[in-house]
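# Close look at the chain arrangement
Letter by letter, the chains look like this.
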Amino acid sequence: PFVIEYNVRLGDPETEAILPRVRNDLVELFLMATEKKLAIARVETDPRHSVAVVMASGGYPSSFQTGKPITFGIRDNDTSVFHAGTRLDEQGEIVTAGGRVLVVSSLGDSLKETIERTYREVERIKFEGAYYRRDIGADLLNYNSKVK
C-alpha cells in the first residue's frame, strides 16, 4: 500500500458537522493555537448528534449554472446553514456561485431526529437545480438497529 493523501485539516462537509458541536468561542481557540497554547484549552462539546448535508448546483461536479436566486425558509434553532458557493448579486439577493452551494447542519438528541431535522431544513431552501444526497446517516441508522 501507498499513502496517496494525508490531511490534517478539517474538510468540507466534515467541518460543518463538527463545529456546531463546539461550545467554546472559536476565535479564542484560534488565538490560543497561534500562541501555541492550545494544549491548555478546555474544549467543550455539545453531546448531541450532528448531521450535515451539502446542497449542490445541478450538474455539479461537472458544468453547472450560477446566479440562481436562493430562498430560505424559517430555520430551526438547532440548524445552521453554511454558505460555500453563494454570493450577493447587484440587488443584494443571495444567489448560487459555485458547485457546492450550501451545507445544512443540524443538532439533535437522537440520530434519527437529527437526520429528519436536517432534511426538513434542506427542503425549506430552494434554488433552481438544487440537489443533495438523500442517504446521509441512513447507513448508521441501519447499523444501530442491528446492534443490541
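Here goes a summary of the coordinates provided. (Residues numbered from 1 in each chain as written. Predicted model: local features only at pLDDT ≥ 70, side-chain atom pairs only at ≥ 80, totals over all residues. Heavy atoms only, no water.)

## Focus on the overall build of the protein
Counting its secondary structure elements, the protein contains four helices and five strands. Counting helices and strands in the order they occur from the N terminus, the protein gives α-α-β-β-β-β-β-α-α. Along the three orthogonal principal directions, the C-alpha set of the protein runs to about 45 × 45 × 45 Å. Of the roughly 10200 Å² of accessible surface on the protein, 54% is carried by carbon and sulfur atoms. Averaging the coordinates of the 20 positive side-chain charges in the protein and doing the same for the 22 negative ones gives two points 4 Å apart. (Helix = DSSP H or I, 4+ residues; strand = E, 2+ residues; numbered from the N terminus. Areas by Shrake-Rupley, 256 points an atom, 1.4 Å probe, with all protein chains shown as cover. Lys, Arg positive; Asp, Glu negative; His and termini not counted. Charge placed at Lys NZ, Arg CZ, Asp CG, Glu CD.)

## Quick look at the packing of aromatic side chains
All chains considered together, the criterion is met by two aromatic pairs. Measuring from centroid to centroid gives 6.1 Å for Y119 and Y132, while their planes differ by 40°, and the two rings are tilted. One end of the pair, Y119, is in helix α3 (residues 111–123); the other, Y132, is in the loop between α3 and α4 (138–146), with 13 residues separating them in the sequence. For Y119, a relative accessible area of 10% corresponds to the buried category. Residue class for Y132 comes out buried when judged on its relative accessible area of 12%. (Phe/Tyr/Trp six-rings, centres within 6.5 Å; stacked < 30°, edge-to-face > 60°. Buried < 20%, exposed > 50% of the residue type's maximum accessible area, 1.4 Å probe, protein only.)

## Focus: the pairing of strand β5 (residues 100–108)
Across the nine residues of β5, eight count as buried, placing the element largely inside the fold. For strand β1 (residues 49–56) and β5, the ladder comprises eight bridges, and the chain directions are antiparallel. Residue A56 lies in a different strand from β5, and its bridge partner there is R100. (Pairing = 2+ DSSP bridges.)

## A few points about unusual backbone geometry
Here the bond from D12 into P13 is cis, since omega is 15°, no more than 30 degrees from zero. With respect to the helices and strands, P13 occurs in the segment before α1 (14–18). A cis geometry characterises the amide bond from Y60 onward to P61, with omega recorded as 15°. Along the chain, P61 turns up in the loop between β1 and β2 (79–83). The backbone phi angle of K36 is positive, close to 60°, even though this residue is not glycine. With respect to the helices, strands and loops of the structure, K36 is situated in the loop between α2 (26–34) and β1. Its relative accessible area of 77% is what places K36 among the exposed residues.

## Observations regarding the nonpolar core
Counting residues in each nonpolar core, the largest one holds 15 residues, and the members touching the most others are M55, L102, I125 and F127. At the level of elements, β1, β5 and α3 are the ones that each hand at least two residues to this core. Tallying contributions element by element places α3 first for this core, with four residues. In contact with F127, other than residues within four places in its own chain, are M55, A56, S57, P69, I70, T96, V101 and L102. (Core = buried A, V, L, I, M, F, W, Y, C linked by side-chain atoms within 4.5 Å. Contact = heavy atoms within 4.5 Å.)

## So, the pattern of salt bridges
The full count for this structure, using the stated rule, is twelve salt bridges. Close ionic contact of R23 with D46 constitutes a salt bridge, the shortest N to O distance being 3.9 Å. Residue R23 is found in the loop between α1 and α2, and its partner D46 is found in the loop between α2 and β1; the two are separated by 23 residues along the sequence. What makes R23 exposed here is its relative accessible area of 53%. With a relative accessible area of 6%, D46 lands in the buried category. (Salt bridge = Lys/Arg side-chain N within 4 Å of Asp/Glu carboxyl O.)

Read these as geometric descriptors, not functional statements.
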